[in-house]
Amino acid sequence: MGLLDFVKSAGESIFGKDDDEKSAPQAPSGGPSAEDVARMKNRRKAAGLVQLVQGLGFEVEDMTVKVEGDVATVGGKVGSQETREKILLAIGNTA
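Residues numbered from 1 in each chain as written. Predicted model: local features only at pLDDT ≥ 70, side-chain atom pairs only at ≥ 80, totals over all residues. Heavy atoms only, no water.

Our focus in this paragraph is the overall build of the protein chain. When helices and strands are counted, the protein chain shows 3 helices and 2 strands. Secondary structure elements of the protein chain, listed N to C terminal, follow the sequence α-α-β-β-α. For the protein chain, the share of sequence-separated contacts (at least 6 apart) that also reach a separation of at least 24 residues comes to 54%. For the protein chain, the accessible surface area stands at approximately 6800 Å², while carbon and sulfur atoms represent 52% of it. (Helix = DSSP H or I, 4+ residues; strand = E, 2+ residues; numbered from the N terminus. Contact = heavy atoms within 4.5 Å. Areas by Shrake-Rupley, 256 points an atom, 1.4 Å probe, with all protein chains shown as cover.)

Structure below.
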């Protein structure tokens, strides 16, 4: 598997403009830690990327997406290299 780099600010935003700043819950005392909040945001981003791929009609078996900050790791089985590359481009071109 190769490594692809994408421009962070380019591409479609599936979460809305400046969504990270607006949707970040403020941690009241005794509430979730900043680390927990970051984990929740990353899970939400991963779910959004899975929905994006499904919405584009790609057939992926056992698809997994893990997001850590600005890095998305994608796994699964596809029928062709062409489909694999299209999925990676779709995900990589999502802000």
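Read on for the rest.
The periodicity of an α-helix, 3.6 residues per turn, causes residues three or four places apart in sequence to face the same way. For helix 2 (residues 34–55), built from 22 residues, the straight-helix expectation of 32 Å at 1.5 Å per residue is met to within 8% by its first-to-last C-alpha distance of 31 Å. Within helix 2, the full set of buried residues consists of Val37, Asn42, Lys45, Ala46, Gly48, Leu49, Leu52 and Val53. In the stretch just after helix 2, Gly57 is the one whose phi turns positive, near 85°. (Expected span 1.5 Å × (residues − 1). Buried < 20%, exposed > 50% of the residue type's maximum accessible area, 1.4 Å probe, protein only.)

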